[in-house]
Structure formats: structure tokens, C-alpha cells
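# Descriptive analysis of the structure
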Amino acid sequence: MPYDVVALGELLIDLTQSGTSGQGNLLFEANPGGAPANVLAMLRKLGRSCAFLGKVGADGFGDILADTLQSARIDTRALLRDKDVHTTLAVVHTFENGDRDFSFYRKPGADVNLTADELDEETLRACRVFHFGSLSLTDEPARTATRRAVALARAGGAIVSYDPNLRPPLWDSDEEARRQIAWGLAQCDVLKIADNEVEFMCGTADFDKGAAMLREQYPNIRLLCITAGAGGSYAWCGAYRAYEPACALGGVIETTGAGDTFCACVLHDVLRGGLDGMTEPRLHAMLRYANAAAYLVTTKRGALRSMPEPDEIDAVLAKM
């Protein structure tokens, strides 16, 4: 069957800080996560058909992740289980302002053990949008599998979506990270990139300058979105530029999954209106909707199981 969106990449457990015990020890909540899967979870809330390609361990955490995707009504026929390598874990350290830092248990992790010959080619050729990030480019054999998946999806006529999702601890060096992230930038039609990633790749904190550099160097990028957390979000498409402030209704707990939620809403708009029919008012409306959804996910812990319902997003929009 054809899918609206197919995503490939990491599916993992986010161990998120959740208070302290009576003895003063930190408590961690096991939240299902992984950026590509988070994107699909939000898209399913928006009524889009989705499938996930990737690998988890044949362990308890892998069971939780497979069950979670199925509960979210994401097709898991291409989710594989690795008997030799465990499911990846990410310890999420949360700061007072809701921002976070990550520590990974992933050398190796099952997600980077996906091989090119394990790809479900039928699923890749039957999607309208293919989405991926840079975490599947950090190590082999997943790097080769990702490159093969992009080629198959594009051959099938899919729009290619990319979120660098930079996690410095997972790279051997900044230089290697830049090389591999640049490969992804050269493949995508839709790019969602965060403020820190613009500075990492372009050497500037000026979003307009960074966007201009990216669009000049990678003319394949048709829609470029930059997220800046509490600073709002920006979009460029053709001759149009738009900015919308972040939702500031309070109650932020932690920001895990906010960018993925935003990205899903952008892809929902692309599926609905295409890239050729973009207008400046539509860009503004897309950013407002994506900002509202991203805000809502920050009011809960975790991401994959915390995606908002459309009526919740509408309620926030009415207050903005």
C-alpha cells in the first residue's frame, strides 16, 4: 500500500529525568523516542498513513518500542529486531528552562546495525514523502543503508525530507559530522534545521545569512525551516520568507520532541498543499500551526507518546 510518509532512522528509549526518590536519587522515566519515529507519531495524529524502517534490539526495550509504534498505528512491517545488539538508550538531562542534554548508550546500538540489504524496497518506493536524519549516518552499516533508502525513495518519486538533528557525542569529530550532514543537505527537498545546527554548518548565528548560504549551496532545498526554540521559527520557499514567534503560554517541562513535532506539521502542510503552490500567507499559517503543536509536546515528558491531538493544537492557536 502507498504511504504518506515513510521514515528511517533511530528508534530508542529516552531515559528522562523524573524527580528524585525518597533517598535523593534521580529517577528516570523510560520514554519511547527517536526523532524519525516521533515525526511519524505526530503525523498519525494528523491522519497521515506512515511506516517506519529501522532496527531495535531483541530485548525488553525493543518490545516496548515495537508495541508503542503499533499503538500509534505506525506500520512496523519493516521494523527489524537484532539478536546480537541491544536497543539504543539516551539519557536526557533536563535543565530548568526545559532545554536538555543527551548521553547515549549506542556503541553499538541496534539502530546503526541496519544494513542496505535489509531495507524494505517496496515500502520505500511507495511513499509520498521520505524522512530521515543524520543519526543514521554516524556509523556503518546504517550509513550505507540510509543512502540506499534515499535513492530508492527518490526513484519512486517521493519528496525527501531531512532534519540534521545534530548530536555531537555520537560523532567521532565535528569534521565528520559536517561531512555527513552536508550529504543529507544535498539530498533533500524539505529541510528542517535548528538554530544551533545552522551555526554549526554555516558559522553564523544570523538566520537570514545562514538560510541564504544553505539555499545557494544546496539549490535542491525547496522549503527551508529554521527552529529557534523560544525565539520562534522561520521559513523560506521560493521568493517567500516568513517568521512566527513561539507560543509562550507557559508550563514547559522539557523540549524533547518539539522539533520533531514541528517537522511533522510542516510535512502535513506539504502533503496537503504541495511545494509548488506555496504562498507567503500559507508559510505563516504553517509556522503558527507547527509552533503551537511543538509547544504542546514541551508540556509533557517524552515525545512519541506525548504528541498533541488536532483539537488541542486548535485550542492553543485560538490563544496565540
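Worth saying up front: this structure is predicted, and the values here are computed from it rather than measured.

## Observations regarding the packing of aromatic side chains
A full pass over the atoms with the stated rule returns six aromatic pairs. Here the aromatic rings of Tyr234 and Trp236 are separated by 6.1 Å at their centres, their planes lie at 15°, and the arrangement is stacked. Residue classification places Tyr234 among the buried residues on the basis of a relative accessible area of 15%. Here Trp236 falls in the buried class, since its relative accessible area comes to 6%. With 4.7 Å between their ring centres and 45° between their planes, Tyr234 and Tyr243 make a pair best called tilted. Looking at Tyr243, the relative accessible area reads 31%, which means it is partly exposed. By way of ring pairs, the aromatic residues Phe130, Phe132, Tyr162 and Trp183 are connected into one cluster. Here the basic side chain of Arg178 rests over the ring of Phe200, its NZ or CZ set 4.1 Å away from the ring centre.

## Re the state of the cysteines
Put plainly, two cysteines are in a disulfide when a covalent bond ties their sulfur atoms together. One pass over the full model with this rule turns up zero disulfides. Distance from the sulfur of Cys188, which forms no disulfide, to the nearest cysteine sulfur (Cys263) is 10 Å. Unpaired in this structure, Cys225 has its nearest cysteine sulfur neighbour in Cys263, at a distance of 8.1 Å.

## Structural notes on the side chain of Asp4
Here Asp4 is to be found in strand β1 (residues 3–8). With sequence-adjacent residues up to four places away left out, Asp4 is seen in contact with Arg48, Ser49, Arg128, Val129 and Leu271.

## What about the packing of helix α4 (residues 142–155) against helix α5 (residues 174–185)?
Orientation of α4 relative to α5, taken along the N-to-C sense of each, is 20°, at an axis distance of 12 Å. The orientation of α4 with respect to α5, classified from their angle, is roughly parallel. Regarding α4 and α5, the two cross each other, and that crossing is left-handed. Taken together, the residues of α5 that come into contact with α4 (itself represented by Arg143, Arg147 and Val150) are Glu176, Gln180 and Trp183. Here the contact of α4 with α5 is composed, by residue class, of two nonpolar, one polar and three charged.

Conventions used here
- Residues numbered from 1 in each chain as written.
- Predicted model: local features only at pLDDT ≥ 70, side-chain atom pairs only at ≥ 80, totals over all residues.
- Heavy atoms only, no water.
- Phe/Tyr/Trp six-rings, centres within 6.5 Å; stacked < 30°, edge-to-face > 60°.
- Buried < 20%, exposed > 50% of the residue type's maximum accessible area, 1.4 Å probe, protein only.
- Lys NZ or Arg CZ within 6 Å of the ring centre and 35° of its normal.
- Disulfide = S-S within 2.5 Å.
- Helix = DSSP H or I, 4+ residues; strand = E, 2+ residues; numbered from the N terminus.
- Contact = heavy atoms within 4.5 Å.
- Axes fitted to C-alpha atoms, helices over the stretch in contact; angles between N-to-C directions.
- Parallel < 35°, antiparallel > 145°, perpendicular 65-115°, else oblique.
- Left-handed = near helix turned anticlockwise from the far one by under 90°.
- Nonpolar A, V, L, I, M, F, W, Y, C, P; charged D, E, K, R; others polar.

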